[in-house]
Amino acid sequence: MAKRSMSLLGQWSSRVFSIDLDKRGALLNFALTEKPQQAPETFRNIQERCYSVLVCGDDRIQSARFYWGLEDLLRNELPAECELLPVSSYLPHVKDSLIRGYFLKDASECPSLTRRVLGALGLSEQVQVCSYLRGPDGGRWSQQLWSGSENQNMDVSKTCYVVPSEEANYHPSVLNMENSDVFYCRAEACKVLQESCDIIPESRAVLELVGKTDASRHSPDFPVVVIEGLDATGKTTLTESLREALGARLLRSPPQCLSPWRAVFDREPPLIRRAFYALGNYITAEQMGKEASQAPVIVDRYWHSTASYAIATAVSGPVSSLPPEGSPLFRWPPDLLQPSLVVLLTLDPQERKRRLEARGQGQTDEEQELDHNLLFRLRVEEAYRRVRGPACVVVDAGPSADKVLQQVLLLIKEHCRL
Ligand SMILES: Nc1ncnc2c1ncn2[C@@H]1O[C@H](COP(=O)(O)OP(=O)(O)OP(=O)(O)O)[C@@H](O)[C@H]1O
Ligand SMILES: Nc1ccn([C@@H]2O[C@H](COP(=O)(O)O)[C@@H](O)[C@H]2O)c(=O)n1
């Protein structure tokens, strides 16, 4: 993107800016126009000085990492009275048009510090900084694009006005999910790690473990049963019991061979982290293909987990902000081996919490988020239910471990040739 020569209106007038006002899914949407007009109602209540910082570099790996670190950078550098809200800017219905950043409300005593920090940021080719000014009548807001100099020069010819915009049907992140949050073929996930090799050397080691053969059409002799569910729903307990009861081989995704690098990729932004987990599924699929020629195979997490956590994290708010049921975003990757049966263990949140506490183990960041954020947990479970090819069969994991085992053994009898 040729940042300096960009005409603000030419480039942005058809864009919607969507500010995430809270984690419950309240979005403030606005667009831009040349003619002075009344701003959306919520805007009129804003008292503070406002800015937006959008990350729009050409290199997707660098941009993803820059955005990943941007919140901390802004929180460290800006006065504490600056409120930061995630903002997305997108072209309605246009895939991959989303760019992300933060909207800032500065209620500090020190406006010059905020302007200095944003001015310095604006020098980067990856960032667009704008300020928002309230008109003398109070109902009109304008947006000015910063030229990027530390003097915070504003080019007034680039002033445009904030106007209400229609609400999107789904969360704007849905536009950019394919091959950014969810990968529908091995080659796309590999591409991300190939592009990351210079900054994350561990990517090479992962790529070396990923096979090249397409085992998806191979139909295993023995059944392959995947057990899915949130943390502490009883996957480990059930998979171990199934292994014993069926004389099965037990696999997991991500596979053991990726353990040395998992923590490294867990610290990376979704683009890189999700590509890592996607490739984990392909490595597990190769193992499934081999093992299932000799015995039944039980798998602890697989594609349903990868897609559901990725989709549920990329959006905020209630279940209705997920892509709709039947959306191609819930499809199965055509080059990934399909299991014979996927069982989703569900558990009452209180019982799940009790089991987590009884286990007394640490949780992943995402699992801690689940504890704090009921909406996120609901989104993950609903996403699990929407994934297709095969769809999961839901089993209540509340009864005793033995009862759950007996129920799943019955399902296996019904669905698979043993
Ligand atoms: N049906 C059950 N009834 C009561 N307790 C159970 C049942 N199944 C598992 N547990 C207990 O709940 C805790 C969590 O179970 P488990 O480790 O199998 O869950 P998990 O889904 O594998 O978790 P994670 O994804 O974090 O590995 C353990 O302490 C386990 O003994
Ligand atoms: N196939 C998978 C498996 C896991 N994940 C991600 O890992 C987290 C849960 O893993 P646990 O080892 O704690 O069970 C979860 O946050 C998923 O994002 C995945 O993406 N794909």
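Above this text you will find the structure in question.
What you see is a predicted model; the values in this text were computed from it and never measured.

## Some points on the overall build of the chain
Thought 1: When helices and strands are tallied, the chain shows 14 helices and 13 strands.
Thought 2: Taking 22 Å as the expected radius of gyration for a compact globule of 418 residues, we find that the chain reaches 24 Å, a close match to that expectation.
Thought 3: Dimensions of the chain along its principal axes, counting C-alpha atoms only, are 75 × 45 × 35 Å.
Thought 4: Looking at the chain residue by residue over its 418 residues, the buried ones come to 54%.
Thought 5: In the chain, of all internal contacts separated by at least 6 residues, the share reaching a separation of at least 24 is 76%.
Thought 6: Carbon together with sulfur atoms contributes 49% to the accessible area of the chain, which is approximately 18900 Å² in total.

## Re the packing of aromatic side chains
Thought 1: Using the criterion set out here, one finds 15 aromatic pairs in the structure.
Thought 2: Seen in terms of ring centroids, phenylalanine 103 and tyrosine 132 are 5.4 Å apart; in terms of plane orientation they differ by 55°. Their pairing is tilted. Of this pair, phenylalanine 103 sits in strand β5 (residues 99-106) while tyrosine 132 sits in strand β6 (residues 127-134), placing them 29 residues apart in sequence.
Thought 3: Assessed through its relative accessible area of 1%, phenylalanine 103 is described here as buried.
Thought 4: According to the relative accessible area criterion, tyrosine 132 is buried, its value standing at 3%.
Thought 5: Note on tyrosine 309 and tyrosine 384: the rings are 6.4 Å apart at their centroids and 85° apart in plane angle, and the pair reads as edge-to-face. Residue tyrosine 309 is found in helix α10 (residues 303-314), and its partner tyrosine 384 is found in helix α13 (residues 374-386); the two are separated by 75 residues along the sequence.

## Let's talk about the site of ligand 1
Thought 1: Taken together, 15 residues surround ligand 1, and among them Asp231, Lys235, Thr236, Thr237 and Pro399 come closest.
Thought 2: Measuring from an oxygen atom of ligand 1, one finds a backbone N or O atom of alanine 232 at 2.9 Å.
Thought 3: Glycine 234 places a polar main-chain atom, nitrogen or oxygen, 3.1 Å from an oxygen atom of ligand 1.
Thought 4: Within the complex, 73% of the 630 Å² of free accessible area of ligand 1 lies under protein.
Thought 5: Counting residues per element, the ones that place at least two in the shell around ligand 1 are α7 (235-246) and α11 (349-359).
Thought 6: If you tally residues by element for the shell around ligand 1, the top one is α7, at 3 residues.
Thought 7: Class assignment of the residues belonging to the shell around ligand 1 gives a composition of 5 nonpolar, 5 polar and 5 charged.

## What about the sheet that holds strand β9 (residues 224-229)?
Thought 1: The parallel open sheet is built from 5 strands, whose spatial order is β10-β11-β9-β12-β13. The sheet is open, and its two edges are formed by β10 (249-252) and β13 (393-396), each paired on a single side. On average, adjacent strands in this sheet sit at an angle of 25° to one another, irrespective of strand direction.
Thought 2: Packing against the sheet, α7 makes contact with β9, β10, β11 (297-300) and β12 (341-346), and its axis sits at approximately 175° to β11.
Thought 3: Its contacts with the sheet put α13 on β9, β12 and β13, and the angle it makes with β12 is roughly 160°.

## Details of the packing of α7 against helix α14 (residues 401-415)
Thought 1: The interhelical angle for the contact between α7 and α14, taken along N-to-C directions, is 60°, at an axis separation of 10 Å. When the interaxial angle is binned, α7 and α14 end up oblique. Seen along the crossing, α7 lies across α14 with a hand that is right-handed. Residue-level contacts link Thr237, Leu238, Ser241, Leu242, Ala245 and Leu246 of α7 to Ala401, Val404, Leu405, Val408, Leu409 and Ile412 of α14.
Thought 2: Of the residues contributing to the contact of α7 with α14, the split by class is 10 nonpolar, 2 polar and no charged.

## Topic: unusual backbone geometry
Thought 1: Between serine 253 and the following residue, proline 254, the backbone shows a cis peptide bond with an omega angle of 0°.
Thought 2: Within the secondary structure, proline 254 sits in the loop between β10 and α8 (259-266).
Thought 3: For the peptide bond that leads from glycine 389 to proline 390, omega is 0°, which places it in the cis range.
Thought 4: By the secondary structure assignment, proline 390 is in the loop between α13 and β13.
Thought 5: Of note, the phi angle at asparagine 179 is positive, near 60°, even though the residue is not glycine.
Thought 6: As for its position among the elements, asparagine 179 is in the loop between β8 (160-164) and α5 (186-196).
Thought 7: Given the relative accessible area of 17%, asparagine 179 is considered buried.

Thresholds applied
Counting starts from 1 at the beginning of each chain's written sequence and moves along it residue by residue. Here chains are named by letter from A upward and ligands by number from 1 upward, in the order in which they appear as written. With pLDDT at 70 or above as the cut-off, local features in this predicted model cover only qualifying residues; side-chain atom pairs require 80 or more to be listed or tallied, and sums for whole chains, interfaces and linings still use all residues. The side-chain values count all of the structure's non-hydrogen atoms but skip hydrogen atoms and water molecules. Counting from the N terminus, the helices are DSSP H or I runs at least four residues long and the strands are E runs at least two residues long. Restricting the calculation to C-alpha atoms gives the radius of gyration, and the globule rule supplies 2.2 Å times the number of residues raised to the power 0.38. Classification of residues uses two cut-offs on accessible area relative to the type maximum, computed with a 1.4 Å probe and protein chains only: under 20% is buried, over 50% is exposed, and between them is partly exposed. Throughout, a residue-residue contact means that at least one pair of heavy atoms, one from each residue, lies within 4.5 Å. To be clear on the numbers: accessible area is Shrake-Rupley with a 1.4 Å probe, and residue cover counts the displayed protein chains and nothing else. To pair, rings of Phe, Tyr and Trp, with the six-membered ring standing in for Trp, must have centres within 6.5 Å; the planes then decide the type, stacked if under 30 degrees apart, edge-to-face if over 60, and tilted in the middle. Whether a residue is near a molecule or strand depends on its heavy atoms: it is near if one of them lies within 4 Å of it. Polar contact is the term for a pair of N or O atoms within 3.5 Å; when the atoms are in protein, one must be able to donate a hydrogen and the other to accept it, and sequence-neighboring residues count only if both atoms are side-chain atoms. Classification convention: Asp, Glu, Lys, Arg as charged; Ala, Val, Leu, Ile, Met, Phe, Trp, Tyr, Cys, Pro as nonpolar; all other residues, Gly among them, as polar. Pairing between strands requires that DSSP locate at least two bridges from one strand to the other. Angles shown run from 0 to 180 degrees and are taken between the N-to-C directions of axes, each axis being a line fitted to C-alpha atoms and, for helices, limited to the stretch in contact. The labels follow the angle: roughly parallel below 35 degrees, roughly antiparallel above 145, roughly perpendicular from 65 to 115, and oblique for the rest. In a left-handed crossing the near helix is turned counterclockwise from the far helix by less than a right angle, and in a right-handed crossing that turn is clockwise.

Keep in mind these values describe shape, not function.
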